[in-house]
Amino acid sequence: MTQTTMRPTLTSVLTPHARIDLFRQMLRIRRIEEEIARRYAEQQMRCPVHLSVGQEAAAVGACCVLRATDQIVSTHRCHGHYLAKGGSLNAMIAELHGRVTGCCSGRGGSMHLFDAAAGVLASVPIVGGNVPLAVGAALAAKQRRTNDVAVAFFGDGALEEGVVHESANLAATHGLPMVFFLENNRYSVYTPLDQRQPARPIVAFADAHGMPARSVDGNDVLSVREAMIHAVARARRGDGPSLVVAETYRFLEHCGPADDDALGYRPAGELARWQARCPITSFEAYLRELGELEDAIIEAFKTTIAAEIKLAFADALAAPVPAPETAQEGVYA
Amino acid sequence: MPELARALEPRIISAAEAIREATVAAMERDERVFVMGEGATDPKGIFGTTSGLRERFGAHRVLEMPIAENGWTGMAIGAALCGQRPILIHQRVEFSLLAMEQLVNNAAKIHYVSGGRHRAPLVIRLIVGRGWGQGPAHSQSLEALFAHVPGLKVVMPSSAADAKGLLLAAVADDSPVVFIEHRWMHYASGHVDPEPRAVALDGPKRVREGDRATVVATSYMTLEALQAAEALAAAGCAVDLFDLRVLRPLDVGAITASVRKTGRLITVDTGHATYGIGAEVCARVTSAAFEDLRAAPVRIGLPEHPTPSARSLAEGYYPRSPQIAVAVGRAAGVSATVLEEVCAGLARERDAMPLDIPHPSFKGPF
Ligand SMILES: Cc1ncc(C[n+]2csc(CCOP(=O)(O)OP(=O)(O)O)c2C)c(N)n1
Ligand SMILES: [Mg+2]
């Protein structure tokens, strides 16, 4: 079984300080997205937003083992990946506000986030369309011998797209340094997995393409990190791609700021069960048990994060909007 | 008689409701008709257009689809070859780009290459997004791509009544019909015949009469053009306004006849002007009525760049009624001062609502 091909090693040992930082990063993403949700009704962010509240451990666990020159390619639900990889908060918030200071100069909105300096190569709003771009980033790394890796983030829904299977075949055949990172949050918009795919372990997808895989508790940041360490090490060694499946859950609506449990597409109690397994509160409890985290530290984090968020929103609102006459610029390179 | 019924009992519903009604009627009438799409059975029911269908017709006729557009389009074609009549739905035109291969290589050609033995009676409903910063990959109006391909029929309704009637005709048609709905058109309300009466896929509809110029618009732009035409008429410049409706096969007969009378042609595209639908209309009409044209035809459409997300950029992106009025008025020789007044009136109406939302009830996001 593919599950056993990646074994933990000593590289996965973490200092308490590093553990606490994983907590801080998840908390930061949560707070940022909560602020987006809270202020969305003010109608200053006039673009669709796909929040990843509940899925922070996947983003942080995956990106914490990457270096700045490693490339990630994300999806419509890109905020968490972008932030975890070190994307600029100010450039993201400005982009959501349609400002010139946005990472896409206001042209992309929330589904096109990228940050070249942080190794966020691109985010793509067409499902599955980002995955071959990561294969290409891995190809470039191999051709240029940078020893960098590429990570394709995608959802359970994207696994249904032919291009994702084509990408896996390409990456495996060419032994490319990349990781297919699948966040299985069980839904494509409002449609549950069992209406879209047969009952079989999603992780078996990797078998068909001859790559190792591991399925982990995507709400446990340490498990995600552990799986990524092996997948990334394999890629850097030149041994080819791997699949990591993070089992997780989206707390808010597919697109927009609200809770959507009232729509009735989630079985009763499902949301509450997953909320009880919140990646942040459960990791907090674990760190408290270890005696590594206490109220004072959390409060300090919250204060710093709040200040950073406040500044990002203030900067965005103060920034100029793109001048209409610039709209036609840049169609060609 | 329909006029009388209308006067007695107007039945005002939105185009989105009309589309649902047409679907129900087509499914009731013909067991071979079935619906498929990503979200076809979800609580939002593709902007309400498929709500309740599964409860009514069962899961075997209302199929939820995985995100695998080319795959399920091919599947639909295969079923159609065996006599079924699928209605495929994509919540954005862009998602159907993944199915272009099946549509263009199989659906559009199979009747022709089989010497007329095969039929692929599909309807592909595509929804054009616009507004709320959806940006470059969720708002394109790509009808020209489909209209380029012989073997596909391409239809774009602009009213609730036509949405119902044309969809019924599309379902009854034995060829693949690409049925493009502008998301803002979904909000257009009007009287809709309660009976399931098809509106033939046989060409443009004149929605306003006049002799100063001929204006041809598609889909939602017909509504913008109508506002412009009404304001111009009030200023003494009545024009013929056509809602093109059926982009392929293209019948410009009535438009040509109108241009023979007016000598002036202005097209208003929902998509890009370059290589757009208006370009084809202008070319055909110019060839047919060159000697009757008194001015060069004018094309209005989207500019030469993708849709930017930022509101400040998107506002100038879409032509609105004042720009249409200016282009039409100029062609028809309306004086600059009169045109200024016409535009000021239209702009006042326009500015009463934010430019990136389709309807006052809209609170974002799509
Ligand atoms: C090709 C394509 N088809 C359909 C859509 C509409 N769409 C946007 S997000 C989404 C669901 C994607 O599900 P998944 O990959 O599991 O990601 P999640 O939203 O759960 O994060 C769909 C169907 C799209 N953007 N692109
Ligand atoms: Mg999902």
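Residues numbered from 1 in each chain as written. Chains lettered and ligands numbered in written order. Predicted model: local features only at pLDDT ≥ 70, side-chain atom pairs only at ≥ 80, totals over all residues. Heavy atoms only, no water.

1. Topic: the packing of aromatic side chains
Both the distance between ring centres and the angle between the ring planes are used here to describe each pair of aromatic rings.
All names here are of chain B.
Now for step 1: All told, the structure shown has 11 aromatic pairs over all chains when counted by the stated rule.
Now for step 2: Note on Trp184 and Tyr220: the rings are 5.5 Å apart at their centroids and 80° apart in plane angle, and the pair reads as edge-to-face. Note that Trp184 is positioned in the loop between strand E7 (177-182) and strand E8 (189-191) and Tyr220 in helix H10 (residues 220-234), a separation of 36 residues in sequence.
Now for step 3: With a relative accessible area of 4%, Trp184 lands in the buried category.
Now for step 4: For Tyr220, a relative accessible area of 10% translates into the label buried.
Now for step 5: Between Tyr317 and Tyr318, the ring centres sit 5.1 Å apart and the planes meet at 90°, which makes this aromatic pair edge-to-face. (Phe/Tyr/Trp six-rings, centres within 6.5 Å; stacked < 30°, edge-to-face > 60°. Helix = DSSP H or I, 4+ residues; strand = E, 2+ residues; numbered from the N terminus. Buried < 20%, exposed > 50% of the residue type's maximum accessible area, 1.4 Å probe, protein only.)

2. Some points on helix H2 (residues 56-63) of chain A
Now for step 1: Counted residue by residue, H2(A) has 8 buried out of 8 residues, so it is predominantly covered.
Now for step 2: Within H2(A), burial applies to Glu56(A), Ala57(A), Ala58(A), Ala59(A), Val60(A), Gly61(A), Ala62(A) and Cys63(A).

3. Some points on the site of ligand 1
Now for step 1: Ligand 1 sits among 21 residues. The nearest are His76(A), Arg77(A), Gly157(A), Asn185(A) and Glu69(B).
Now for step 2: One finds residues of chains A and B in close proximity to ligand 1.
Now for step 3: For ligand 1, an oxygen atom lies 2.8 Å from a polar atom in the side chain of Asp156(A).
Now for step 4: Interatomic distance of 2.8 Å between a side-chain N/O atom of Asn185(A) and an oxygen atom of ligand 1.
Now for step 5: For ligand 1, the protein covers 93% of the area, taking 580 Å² as the surface of the free molecule.
Now for step 6: When grouped by side-chain class, the residues that make up the shell around ligand 1 number 9 nonpolar, 7 polar and 5 charged. (Near = heavy atom within 4 Å. Polar contact = N/O pair within 3.5 Å; in protein donor to acceptor, adjacent residues only side chain to side chain. Areas by Shrake-Rupley, 256 points an atom, 1.4 Å probe, with all protein chains shown as cover. Nonpolar A, V, L, I, M, F, W, Y, C, P; charged D, E, K, R; others polar.)

4. Re the interface of chain A and chain B
Now for step 1: On the side of chain B, 37 residues touch chain A, which itself brings 38 residues to the contact.
Now for step 2: Each partner contributes to the roughly 2,800 Å² buried at the junction of chain A and chain B, and carbon and sulfur atoms together form 63% of this total.
Now for step 3: For the chain A face of the interface with chain B, the top three residues by lost area are Arg46(A), Ile126(A) and Tyr190(A), together amounting to 23%.
Now for step 4: Scanning the region where chain A abuts chain B turns up 11 residue pairs in polar contact (both at pLDDT 80 or more).
Now for step 5: Broken down by class, the residue content of the side of chain A that touches chain B amounts to 20 nonpolar, 13 polar and 5 charged. (Contact = heavy atoms within 4.5 Å. Buried area = accessible area lost by both parts, 1.4 Å probe.)

5. Section: the domain arrangement of chain B
Residues and elements named next belong to chain B.
Now for step 1: Assigned domains within chain B: domain 1 (2-191) and domain 2 (205-351).
Now for step 2: Placing the centre of domain 1 and that of domain 2 at their C-alpha centroids yields a distance of 27 Å.
Now for step 3: With 26 residues of domain 1 at the contact, the number on the domain 2 side is 24 residues.
Now for step 4: Taken as a group, Arg130, Met156 and Ser158 account for 27% of the area that domain 1 buries against domain 2, more than any other trio of residues on that side.
Now for step 5: Connecting domain 1 to domain 2 are 2 salt bridges.
Now for step 6: Linking domain 1 to domain 2 there are 11 residue pairs in polar contact (both at pLDDT 80 or more).
Now for step 7: Those elements that provide at least two residues to the side of domain 1 that touches domain 2 are helix H8 (143-147), strand E6 (153-155) and helix H9 (160-172). (Domains from an automatic or database assignment. Salt bridge = Lys/Arg side-chain N within 4 Å of Asp/Glu carboxyl O.)

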